[in-house]
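Here are the chains, one letter per residue:
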Amino acid sequence: MKKMIKISTLTVTASLLAVAAQADKWSDQFPHIKNTGDIAGECSYESMSKKDYSGQKLTINTHAVPVIGEPTALHAEQFSKLTGAEVNVIHTPAPDLYSKAMVPFQAGQAPYDIVFGFSNFIRDWKQYLQPVPAKYVNMRQMQDVTQSHIDVNSWDGEMIQFPIDGDRHYLKYRKDVIDNPEYQAKYKAETGNELRVPQTWKEYGEMATFFNGWDWDNDGELEYGSAEVMKKDDLMFAAFFSRSVAYAKNPRVPGGYFFDLESMEPLINGPGFVEALTDWVEATKYVPPGGINFGLGDEINSFGGGQTLFSFSWDDAFVAAMQDDSPIKNKVGAAPLPGSDRVWNRSSGAWENEFNQAPYIVWGWTAAVAKASKNQDVAFDYLCFFANDANHQADIAIGRFGVNPFKKSDFVPELYVERQGWDPEIAKQYAETLMEMEEGSTNRVFPLRVPGVFQFNSAIATGTSKALAGQLSPQEALDEVAALFWDPQGSLGLVGPSRIGPKLLWLQSGLVLSSPRAPKGLSDRGGIN
């Protein structure tokens, strides 16, 4: 399977690289695509210029600038110039994206033609969204999307959201430090251990502590161990899951990661998650000053600007570090998330003392067309234009944009060497790290996709932030989260046992979680995991 994917990817990428030298009228008018020019396709600049949407208006709700908000506005301006459509873009902070769409959806109102949001909103939003028409699903550019990200944007086999981004968390590190013979000798002499790409979170913490608070790159400024997303309500729940998967996702124990699929009792306060949170509390000692309040933008700027040895989250920080204006271009490396030297087995109630690693295919940005929109054709053409090959290749080269690889053609190293001036070894390492997560691992964790997912993630952020602040112990914090998740009487928690039957899952809100026994349409690969 991997070989077939690689061959098809090489074919697509060869066609993309072939147009790189073709200066055209579109790259002259739109400098954003100067590295490629227009790339032929159903939603290319040339194709969109033949549409006449004069007198038609789109209203788009998207994230705040810059992450995803900036490319939304840029492509809206381009789309308007090409087609004559009037496009109004509204920018909304991340914590408000869910309610900004959900409240009018539930009231039967249609203030937005297009809504941008997190891909794991799909269960709550899908009844208000127009499925992607077959003509877009069958386009060449959509056939280039990886299966994982087709699945992320689909429910029960139907594409509901339009793929515009692809996300996973992985390790970013300073190659010029980890591969430095002088520092390798210094680290060995002082710790007795090898300086290498960290294989476990314990190693990560030891190395980050060693390199915290001194000028190890000789730029006249202090550097630190790690940049992490620790700010409550600014995506910290995703960072916590990245740290948890190695301890809590046992490949030999089927039946759920977030919940026990038989009883639906939450697993969030089990020993694996507690161990991860204990590590994370220690991490507050080796982040930059103010790092406990870092949101995603801060993490991007910190690692991308050369302030820290390590980072882990979305691609953005790595891409920012590899931009032409970065002081550390071609000095960084990519690797899988660290693992652990033991993993919890909830079936036996004991730790298994062996190495474990689990990729986290985190939620990503996505967009969809409102079912109540009166301009659906224009809206789908805009999203198709947003994700066309020329725009996509330009977008993934800009770290702050938040657009990350989700097409098969994105995983060929030559693309980054030829287009972005990456060192060939770094480009190969980056592409292989991402492709292994997409196609190689059998122990992956996908995001929670259940009704009320925003409430679940908010509960996790609230609890873990109390532990990071020293207000509660890791166990106390996660016990509090578990209590918010679950109440045996069904009166307080987000999920409780059914009053109808012991095997039917029930939410106090009346919404049903995915399970092996769930009715058709309620179970999908990303539901509980």
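For clarity, every value in this text was computed on a predicted model and none was experimentally measured. (Residues numbered from 1 in each chain as written. Predicted model: local features only at pLDDT ≥ 70, side-chain atom pairs only at ≥ 80, totals over all residues. Heavy atoms only, no water.)

## Overview of the pairing of strand β10 (residues 308–313)
The following threshold applies: The cut-offs for exposure are 20% and 50% of the maximum accessible area for each residue type, with area from a 1.4 Å probe on protein chains only; residues under the lower value are buried, those over the upper are exposed, and the others partly exposed. Think of it this way: any DSSP run of H or I at least four residues long counts as a helix, any run of E at least two long counts as a strand, and we number them from the N terminus. Pairing between strands is defined by DSSP: at least two bridges between them are needed.
The element β10 is extensively covered by neighbouring structure, given that 6 of its 6 residues are classed as buried. Two elements, strand β8 (residues 170–174) and β10, share 4 bridges in a ladder whose sense is antiparallel. Bridge pairing links L171 to F312 in β10. As defined by bridge partners, strand β9 (residues 224–227) adjoins β10 across 3 bridges and the pair is classed as parallel. Of the residues in β10, the one forming a bridge with A227 is S311.

## A short note on the packing of aromatic side chains
In this description, a pair of aromatic rings is defined by centroid distance and the angle of the planes. Definition in use: Centres within 6.5 Å are what make two rings of Phe, Tyr or Trp a pair, Trp counting through its six-membered ring; a difference in plane orientation under 30 degrees is then read as stacked, over 60 as edge-to-face, and the rest as tilted. As a reminder, the over-ring test applies to NZ of lysine and CZ of arginine, requiring each to be within 6 Å of the ring centre and within 35 degrees of the ring normal.
As enumerated under the stated definition, the model contains 55 aromatic pairs in all. Ring centres of F30 and Y45 lie 5.2 Å apart, and the angle between their planes is 45°; this geometry places the pair in the tilted category. Taken as a pair, F30 in the loop between α2 (25–29) and α3 (45–49) and Y45 in helix α3 lie far apart in primary sequence, 15 residues in all. The same class applies to F30 as to Y45, namely buried. Centroid distance F211 to W214: 5.6 Å. Interplanar angle 20°. Geometry classified as stacked. Owing to a relative accessible area of 0%, F211 belongs among the buried residues under this scheme. In this structure, K172 is placed above the aromatic ring of Y170, and the distance from its NZ or CZ to the ring centre is 4.1 Å. Sitting above the plane of the W351 ring, R342 keeps its charged end 3.8 Å from the centroid.

## Quick look at the state of the cysteines
Worth spelling out the cut-off: Note on terminology: pairs of cysteine sulfur atoms within 2.5 Å are recorded as disulfides.
Counting across every chain of the model gives 1 disulfide. At a sulfur-sulfur separation of 2.0 Å, the disulfide partner of C43 is C384. Where C43 bonds to C384 through sulfur, the torsion about that S-S bond is close to 95°, and the disulfide is right-handed. One end of the pair, C43, is in the loop between α2 and α3; the other, C384, is in helix α17 (residues 376–386), with 341 residues separating them in the sequence. For the residue pair C43 and C384, the accessibility class agrees, reading buried in each case.

## A few points about unusual backbone geometry
The linkage connecting V65 with the following residue, P66, adopts the cis geometry, with an omega of 5°. The topology assignment puts P66 in the loop between β1 (57–63) and α4 (69–83). Even without a glycine there, the phi angle at N330 is positive, about 65°. On the secondary structure map, N330 appears in the loop between α16 (316–321) and β11 (332–335). The class for N330 is partly exposed, based on a relative accessible area of 30%.

## Describing the packing of helix α21 (residues 453–468) against helix α22 (residues 474–485)
Definition in use: Lines fitted to C-alpha atoms define the axes here, with helix axes fitted over just the stretch in contact, and angles between the N-to-C directions of these axes take values from 0 to 180 degrees. Any angle that falls under 35 degrees is termed roughly parallel, while one over 145 is termed roughly antiparallel, one within 65 to 115 roughly perpendicular, and all others oblique. What makes a crossing left-handed is the near helix being turned counterclockwise from the far one by less than a right angle; a clockwise turn instead makes it right-handed. Note on contacts: a residue pair is in contact if any heavy atoms of the two residues lie within 4.5 Å. Gly is put with the polar residues, along with every residue not named as nonpolar or charged; the nonpolar set is Ala, Val, Leu, Ile, Met, Phe, Trp, Tyr, Cys and Pro, and the charged set is Asp, Glu, Lys and Arg.
Contact geometry of α21 with α22 gives a least axis separation of 8 Å together with a crossing angle of 160°. One finds that α21 runs roughly antiparallel with respect to α22. For the pair α21 and α22, the sense of crossing is right-handed. On α22, the residues that touch F456, A459, I460, G463, T464, K466 and A467 of α21 are P474, A477, L478, E480, V481, L484 and F485. Looking at the contact of α21 with α22, its residues break down into 10 nonpolar, 2 polar and 2 charged.

## Here we look at the pairing of strand β2 (residues 86–92)
Each regular strand carries side chains that alternate between the two faces of the sheet. Put simply, the rule reads: Throughout, right-handed denotes a crossover for which the path from the first strand over the helix to the second runs clockwise when the strands point away from the viewer.
Where β1 lies against β2, 7 bridges are found, and the strand directions are parallel. Note that in β2 the partner of T62 across the bridge is H91. In the classification by handedness, the crossover that spans β1, the intervening α4 and the parallel β2 is right-handed.

## Description of empty space enclosed by the protein
We count it as follows: Every definition here rests on a 1 Å grid over the protein atoms only: cavities are sets of points where a 1.4 Å probe fits but cannot get out, pockets are open sets enclosed by protein on both sides within 12 Å along at least five of seven lines, and lining residues have some atom within 4 Å of a point. Grid points are joined across faces, edges and corners, and a volume is the space filled by probe spheres set on the points.
Summed over all chains, the structure comprises 5 cavities of 30 Å³ or more. Taken as a whole, the second largest cavity encloses approximately 50 Å³ of empty space. Forming the boundary of the second largest cavity are S119, H149, V152, N153, D165, D167, I361, V362, W363, G364, W365 and T366. Among the secondary structure elements, those contributing two or more residues to the lining of the second largest cavity are α9 (147–152) and β14 (365–370). When its residues are assigned to classes, the lining of the second largest cavity shows 5 nonpolar, 5 polar and 2 charged.

## Looking at the pattern of salt bridges
Heads up, the rule is: What makes a salt bridge here is a side-chain nitrogen of Lys or Arg within 4 Å of a carboxyl oxygen of Asp or Glu, nothing more.
Taken as a whole, this structure holds 27 salt bridges when the rule is applied. With a closest N to O distance of 2.9 Å, D233 and K232 form a salt bridge. Put simply, D324 and K329 hold a salt bridge, and the shortest N to O gap is 2.3 Å. Given the relative accessible area of 67%, D324 is considered exposed.

## Observations regarding the packing of helix α19 (residues 413–420) against helix α20 (residues 424–440)
The description of two packed helices rests on the angle between their axes and on the distance between the axes. Their axes nearest at 8 Å, the elements α19 and α20 cross at an angle of 140°. Relative to α20, the element α19 lies oblique. Here α19 and α20 pass one another in a crossing that is right-handed. Between α19, through P413, Y416 and V417, and α20, the contact on the second element is made entirely by P424, A427, K428, Y430 and A431. Partitioned by chemical class, the residues of the contact of α19 with α20 number 7 nonpolar, no polar and 1 charged.

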